[in-house]
Amino acid sequence: HGAVLRSASRVLRAMLSPAFREGAADRVEVDYDAPAVRLVLTLVYTGEEVDDSEVPVDVLLGALELAHQWDVAHAVAALEATLARNIDDERFGKSMEVAARLQLQQLAPACLAFAKNSADVRKRFKAAQYPASVQAALTALFGDADPGDARKKRRRLIISP
C-alpha cells in the first residue's frame, strides 16, 4: 500500500518517509470526507477516468482539493476534466471557487466559458451571491457588478433657430 502511494507523487513520498510523522506511524490522517479520499485512492490505484454520473459534486471537489494538496497530477487532471464536463448553474459557484483558489488551468477557463453564456450566473453575480474570488473572476469577465456605477452619457439636444 505504501509503495503505491509513495509512487503517486513527491508529496506522498515525502510524507510517507520515516522523517515525517505519517511515515513513522505508517498512517496518513486527512480532513476530507471518506468518499473524497476513496475517490483519490481509486484514481491513484487505477488511473482510470472518473464515472461522473454517480459522484456528487462535493465529493468531486473534495477529491480534487486533496489530489491537488498531495500533488497527484493525473488525479487532478482527471477530476478537473470531470468537473469541467459537468458545470451547470448549480455547480458553477463551488467549482469556480475551487478553481480560482487552486489556480486550476483547466477548470477555471471552463467555468468562465460556462458563465459567459449563463443568465443565472450573471444574475447571481450582479446580486453579489458568489464568494469574493468568484466575484473577482466574474468582474474580469462581465465588468462591474453594479450597473448604477456606470456613468450614462448625457446627450444634448441642440435646436438651431
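Not measured: the values here are computed from a predicted model. (Residues numbered from 1 in each chain as written. Predicted model: local features only at pLDDT ≥ 70, side-chain atom pairs only at ≥ 80, totals over all residues. Heavy atoms only, no water.)

Caption draft 1: Structural detail: the overall build of the protein chain. Across its full length, the protein chain holds 10 helices and 0 strands. For the protein chain, buried positions account for 37% of its 161 residues. Approximately 10300 Å² of the protein chain is accessible, and the part contributed by carbon and sulfur atoms is 51%. (Helix = DSSP H or I, 4+ residues; strand = E, 2+ residues; numbered from the N terminus. Buried < 20%, exposed > 50% of the residue type's maximum accessible area, 1.4 Å probe, protein only. Areas by Shrake-Rupley, 256 points an atom, 1.4 Å probe, with all protein chains shown as cover.)

Caption draft 2: Examining the side chain of Ser118 more closely. Topologically, Ser118 is positioned in the loop between α8 (107-116) and α9 (119-126). Side-chain polar atoms of Ser118 contact the backbone nitrogen of Val121, separated by 3.1 Å. (Polar contact = N/O pair within 3.5 Å; in protein donor to acceptor, adjacent residues only side chain to side chain.)

Caption draft 3: Geometry of the nonpolar core. In this structure, Leu39, Leu64, Leu79, Phe92, Leu104, Leu107 and Leu138 are the most contacted members of the largest nonpolar core, which totals 46 residues. When residues in this core are grouped by element, the largest group, 8 residues, is from helix α5 (residues 57-69). Discounting residues that sit within four places of it in the chain, Leu64 has contacts with Val76, Leu79, Glu80, Leu83, Val98, Leu104 and Leu107. (Core = buried A, V, L, I, M, F, W, Y, C linked by side-chain atoms within 4.5 Å. Contact = heavy atoms within 4.5 Å.)

Caption draft 4: Just unusual backbone geometry, in detail. With a phi angle near 55°, Gln103 is a residue other than glycine that sits in the positive phi range. Along the chain, Gln103 falls in the loop between α7 (89-102) and α8. Unusually for a residue other than glycine, Ala128 sits at a positive phi of about 55°. Counting through the fold element by element, Ala128 comes out in the loop between α9 and α10 (132-142).

Caption draft 5: Quick peek at the confidence of the model for the protein chain. Across the protein chain, the average pLDDT comes to 87, with 89% of residues at 70 or higher. The secondary-structure element of the protein chain with the lowest mean pLDDT is helix α3 (residues 21-25), recorded at 80, while α8 shows the highest, at 97. (pLDDT = per-residue confidence, 0-100.)

Caption draft 6: How the structure looks around α7. Counted at 1.5 Å a residue, the expected span for α7 with its 14 residues is 20 Å, and the 21 Å between its end C-alpha atoms agrees. Those residues of α7 that sit buried are Phe92, Gly93, Ser95, Met96, Val98, Ala99 and Leu102. The backbone nitrogen of Glu90 lies 3.1 Å from a side-chain oxygen of the residue at the head of α7, namely Asp88. After α7 finishes, the residue Gln103 shows a positive phi value of roughly 55°. (Expected span 1.5 Å × (residues − 1).)

Caption draft 7: Quick peek at the side chain of Gln135. Looking at where Gln135 falls in the secondary structure, it is placed in helix α10. Here Tyr130 takes part through its backbone nitrogen, which lies 3.5 Å from a polar atom of the side chain of Gln135.

Caption draft 8: The arrangement of the packing of aromatic side chains in detail. Counted according to the given criterion, the structure contains 3 aromatic pairs. Taking 5.4 Å as the distance between ring centres and 75° as the angle between the ring planes, the aromatic pair formed by Phe92 and Tyr130 counts as edge-to-face. Separated by 38 residues along the polypeptide, Phe92 in helix α7 and Tyr130 in the loop between α9 and α10 bring together distant segments of the chain. Side by side, Phe92 and Tyr130 carry an identical accessibility label, which is buried. (Phe/Tyr/Trp six-rings, centres within 6.5 Å; stacked < 30°, edge-to-face > 60°.)

Caption draft 9: Summary view of the packing of helix α4 (residues 34-46) against α5. One can describe the packing of α4 onto α5 by two numbers: an axis separation of 8 Å at closest approach and a directional angle of 60°. On the basis of the axis angle, α4 is oblique to α5. For α4 against α5, the interelement crossing comes out right-handed. Residues Pro35, Ala36, Val37, Leu39 and Val40 of α4 lie in contact with α5, whose contacting residues are Val59, Leu60, Gly62, Ala63, Leu66 and Ala67. Taken together, the residues of the contact of α4 with α5 break down into 10 nonpolar, 1 polar and no charged. (Axes fitted to C-alpha atoms, helices over the stretch in contact; angles between N-to-C directions. Parallel < 35°, antiparallel > 145°, perpendicular 65-115°, else oblique. Left-handed = near helix turned anticlockwise from the far one by under 90°. Nonpolar A, V, L, I, M, F, W, Y, C, P; charged D, E, K, R; others polar.)

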